[in-house]
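Chain and residue survey
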Amino acid sequence: MSPHPKGTRARVLLSSVFKPFAQDDEFGSRAINPVELYHNQVTREQGPFSLRMFHRSWNLLFLQHNISAPCTVIDFPTREGFIRELTARQYDIVGLTGIIVNIGKVREMCRLIRLHSPRSTIVVGGHVTAIPGIEQMIDADHIVTGEGVAWLRAFLGEDVHRPIEHPVIPSSFGFRILGMRMPGGGGNAAATIIPSVGCPMGCNFCTTSAFFGGKGHSVTFFKRGEDLFRVMCEAERRLGTRAFFMMDENFLLYRRRALELLDLMKAHGKAWSLYVFSSANAVRSYDVRQLVEMGIEWIWLGLESAASGYQKLKDTDTQALARELQSHGIRVHGSTIIGLDHHTPENIDAEITQAIQHETVFHQFMLYTPVPGTPLYRDVQAGGRLLDGVDLADIHGQFKFNFVHPAISRDESKVFLDRAFRRDFERNGPSLFRLMQSMFVGWQRYRHDPDARIRARVAAEGRQLVTGYGGVLWAMEHYLRDSNPSVSDRVRDLRLRIEREIGGVSRLIDPVVGRVLLWSARHDHRRHPGGRRLEPRTVVDRRNWQPAR
């Protein structure tokens, strides 16, 4: 690769693929696959209680923040808006990112760049680059796999080894529940922090691990707790937040860094909340007290079947682990794969039951899916088990198998996936209810803790429980009274306990707010039985920008 002739004077445009997403169209969008993490693959069967929110394209902001060239990021443009941006300014480099399902949109955007900005160099990165033969599918000058900061710096003639600078990134936006937009992001708005990318555990189906080197490999941006602490302090100062979504596939695996961060949090009196991803074996390397002191409030935990043989679950009773964590107010977000090779129509229901018996606050279910670039894809392809004619836009784990399973048909796979989501909701209730139940457990256990930081953190959660959250419980209780009376009774019991033990004006506020939310939930569900179709707003960020002469 030769550096761009303009070097750091080159004007750079970085773009996500264009919207809309939640519809069936010729570019590969699917109504079944909206660009919403929770509503798509976690709470999608929970009706008006599904969590609705969007997340920025963090990779683009990371790239923008680590080059000195003038750079625009346009996130979630319309097709027409992308064309306007191309024609309004003279861009020397246009970089696109997309996941595999969006190959059609990446192809179209490359065509639009050639048409409307023919002198621009086109660079394509992201998971879409793992597709075999991608070079023949799209008209791009450079296709970049893996971590992109070093590549883009080299292309601009910049110092590749310059320390990484972390952008300040609000974790989500556009938060809605029960048919209503929530003010202020819905409560505890977090900042996104990206310490590392990739996961060395290397599960055979994991696209992220495969993309950044596979088993035994990852890319670490911040190796010391001191580095992370500095980044988090800046986000706290700029955003006014004390909650951090650590976008790291296995944050707790890096024990020394985590404990260094804990020491600094103690030394500076930081009552922060951390939401992390981790493997079960990494969680078990800490005692619960360390996790509580670190402010770990949420752990995304892989809960594949014990029969799967994944190293991350070795010698771990995951149900006991989930119970222990949640008894301390640490919310577990379980993730279970449906359709592993040992699953059959005869045993799959027992496996689903075993998964939902974890009673996690959130639970993602995904189909076992050979995605291009993963070891699973290579194995299935070598065995001649890939199905012909499956559109790349439908290979995302939330629709149907794209391969021949030993015992489960393609159509059956969707039936079992939908059943898992539905049973989890019917047995355990809305995730919002489970979330508030866990918050209350944490408040009860730690409200008198000797550590002032912990007391401050759970006190803040207690205040949330007696304000708007109580009204959510009231609405939930009445909404489910006829359809699921056992869950309705549990919701009522939690609401009354919160009103009795935390008190305040919640007894007066809850019915008033609750009636509004109940009307909104029913109204929204009548109009949109499958969930309202939502699209993220377009966001434009410019950095190091000077108007063209």
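So, here's what we can say about the structure. (Residues numbered from 1 in each chain as written. Predicted model: local features only at pLDDT ≥ 70, side-chain atom pairs only at ≥ 80, totals over all residues. Heavy atoms only, no water.)

1. A short note on the nonpolar core
Counting 109 residues, the largest nonpolar core has Phe251, Leu252 and Leu274 as its most contacted members. Not counting residues within four places of it along the chain, the set of residues in contact with Phe251 comprises Pro195, Leu228, Met246, Arg257, Ala258, Leu261, Leu274, Val276, Phe277 and Met294. By size, the runner-up hydrophobic cluster in this structure holds 34 residues, among which are Phe27, Val94, Ile103 and Ile131. (Core = buried A, V, L, I, M, F, W, Y, C linked by side-chain atoms within 4.5 Å. Buried < 20%, exposed > 50% of the residue type's maximum accessible area, 1.4 Å probe, protein only. Contact = heavy atoms within 4.5 Å.)

2. Thoughts on unusual backbone geometry
The step from Lys19 to Pro20 runs through a cis peptide bond, and the omega angle for that step is 10°. Here Pro20 lies in the loop between β1 (12–15) and α1 (37–41). Of note in this structure, Phe76 is not a glycine but carries a positive phi near 60°. Mapped onto the fold, Phe76 is located in the loop between β3 (71–75) and α3 (79–88). By relative accessible area, Phe76 is classed as buried at 4%. Residues other than glycine seldom take positive phi values, yet Leu178 does so here, at roughly 50°. Inspection of the secondary structure assignment puts Leu178 in the loop between β8 (173–177) and β9 (180–181). (Helix = DSSP H or I, 4+ residues; strand = E, 2+ residues; numbered from the N terminus.)

3. Looking at the packing of aromatic side chains
Evaluated as defined, the whole model comprises 24 aromatic pairs. Ring geometry for Phe76 versus Phe173: centroids 6.4 Å apart, planes at 45°, classification tilted. Highlighted residues: Phe76 in the loop between β3 and α3 and Phe173 in strand β8, separated in sequence by 97 residues. When its relative accessible area of 12% is taken as the criterion, Phe173 is described as buried. Measuring from ring centre to ring centre gives 5.7 Å for Phe245 and Phe277, while their planes differ by 45°; the resulting arrangement is tilted. In this pair, Phe245 is assigned in strand β13 (residues 243–246) and Phe277 in strand β14 (residues 273–278), connecting sequence segments 32 residues apart. Like Phe277, Phe245 is buried. (Phe/Tyr/Trp six-rings, centres within 6.5 Å; stacked < 30°, edge-to-face > 60°.)

4. A few points about the side chain of His405
Mapped onto the secondary structure, His405 falls in the loop between α14 (375–382) and α15 (410–428). A distance of 2.9 Å separates a polar side-chain atom of His405 from the backbone nitrogen of Ala407. (Polar contact = N/O pair within 3.5 Å; in protein donor to acceptor, adjacent residues only side chain to side chain.)

5. What to know about empty space enclosed by the protein
Scanning the entire structure with this criterion turns up 4 cavities of 30 Å³ or more. By volume, the second largest cavity is sized at about 150 Å³. In this structure, the second largest cavity is lined by 15 residues; those nearest its centre are Gly47, Pro48, Arg52, Gly179 and Asp524. When residues of the lining of the second largest cavity are traced back to their parent elements, those giving at least two are β8 and α20 (506–527). (1 Å grid on protein atoms, 1.4 Å probe; cavity = no way out; pocket = protein on both sides within 12 Å on 5 of 7 lines; lining within 4 Å. Points joined across faces, edges and corners; volume = space filled by probe spheres on them.)

6. Examining the state of the cysteines
One pass over the structure, following the stated rule, counts 0 disulfides. Not engaged in a disulfide, the cysteine Cys199 finds its nearest cysteine sulfur in Cys206; these two sulfurs lie 6.3 Å apart. You can call Cys206 buried: its relative accessible area is 17%. (Disulfide = S-S within 2.5 Å.)

7. Focus: the pairing of β14
With respect to burial, β14 is a largely interior element, 6 of its 6 residues being buried. Burial of the side chains of β14 extends over both faces: Ser273, Tyr275 and Phe277 are buried on one face and Leu274, Val276 and Ser278 on the other. For β13 and β14, the ladder comprises 3 bridges, and the chain directions are parallel. What sits directly across from Phe244, in β14, is Leu274. (Pairing = 2+ DSSP bridges.)

8. Considering α15
Taking 1.5 Å as the rise per residue, α15 with 19 residues should run 27 Å; its terminal C-alpha atoms sit 28 Å apart, in good agreement. Of all the residues in α15, the buried ones are Ser413, Phe416, Leu417, Asp418, Ala420, Phe421, Asp424, Phe425 and Asn428. Looking at the buried side of α15, the elements it contacts are α1, β16 (331–338), α13 (348–356), β17 (362–367), α16 (431–446) and α19 (485–501). Gly429 lies just past α15 and shows a positive phi near 85°. (Expected span 1.5 Å × (residues − 1).)

9. With respect to the pattern of salt bridges
Oppositely charged side chains can form a pair if their charged atoms are brought close together. The tally for this structure, following the rule as stated, stands at 43 salt bridges. With its nearest N and O atoms 3.1 Å apart, the salt bridge here joins Glu499 to Arg495. Here Arg495 and Glu499 lie together in helix α19, a separation of 4 residues that amounts to about one turn. A residue is classified by how much of its surface remains accessible, and Arg495, at 7% relative accessible area, is buried. (Salt bridge = Lys/Arg side-chain N within 4 Å of Asp/Glu carboxyl O.)

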